[in-house]
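# Results of the structural survey
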Amino acid sequence: EKYEAIVNSARDREDFTSMGTVQRQLLSWYNPLRTKILTLQEEYFSKERKNKGANRYGPFLCALQPEKLAIITTHEATMVALKKGGGGATLMSMAMKIGEAVEAEVNVQKLLRRRMMQNRRDNADFKANKDDESIASNNNVSVSV
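Below is a summary of the structure that appears in this document. (Residues numbered from 1 in each chain as written. Predicted model: local features only at pLDDT ≥ 70, side-chain atom pairs only at ≥ 80, totals over all residues. Heavy atoms only, no water.)

## Digging into the overall build of the protein chain
Each helix and strand in the protein chain was counted, giving 5 helices and 0 strands. Of the regular secondary structure in the protein chain, the N- to C-terminal order runs α-α-α-α-α. As displayed, the protein chain has an accessible area near 11,100 Å², and 56% of this comes from carbon and sulfur atoms. (Helix = DSSP H or I, 4+ residues; strand = E, 2+ residues; numbered from the N terminus. Areas by Shrake-Rupley, 256 points an atom, 1.4 Å probe, with all protein chains shown as cover.)

## Describing the nonpolar core
Counting 12 residues, the largest nonpolar core is built from Tyr30, Ile37, Leu61, Leu64, Leu69, Ala70, Ile72, Ala77, Ile98, Ala101, Val102 and Val106. When residues of this core are traced back to their parent elements, those giving at least two are α2 (21–45), α4 (66–84) and α5 (91–139). Excluding residues within four positions of it along the chain, isoleucine 98 makes contact with Ile72, Thr73, Glu76 and Ala77. (Core = buried A, V, L, I, M, F, W, Y, C linked by side-chain atoms within 4.5 Å. Buried < 20%, exposed > 50% of the residue type's maximum accessible area, 1.4 Å probe, protein only. Contact = heavy atoms within 4.5 Å.)

## Topic: the side chain of threonine 78
Structurally, the position occupied by threonine 78 is in helix α4. Filtering out sequence-adjacent residues up to four positions away, threonine 78 remains in contact with Leu26 and Trp29.

## Quick look at the environment of methionine 79
Mapped onto the secondary structure, methionine 79 falls in helix α4. Once the C-alpha coordinates of methionine 79 and lysine 97 are considered, the two residues, 18 residues apart in sequence, prove to be 9.2 Å apart.

Right, dumping it as structure tokens:
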């Protein structure tokens, strides 16, 4: 959302020069990467899988939204390249860092989902207990004539 807002803002102002060099580079990677990830996710869920390897990486590729995966990939790739400096980053080190970051984000999403479900259950239990108490108190009311 943040990247799309930055691009739209710059497009509206017709001023891409106000963005920093690194930001422009990240944005130039973001849209094509997001589009490709979305295409691969759609192919994985379709009946006709063009790529046989999709059975192995498809579940991981579909674990997060394409926007999040694109952001994680661009940021991690940039960070690995910057840390390695003039020596250059190896594909393996970059792939490992991206994989670790994606795994961490998937775990965070799972925890958030569990917490949300627990909160829903707790709220439902609280409401049920409150309704039970209300019914019980209404049954114990005596009426004098």
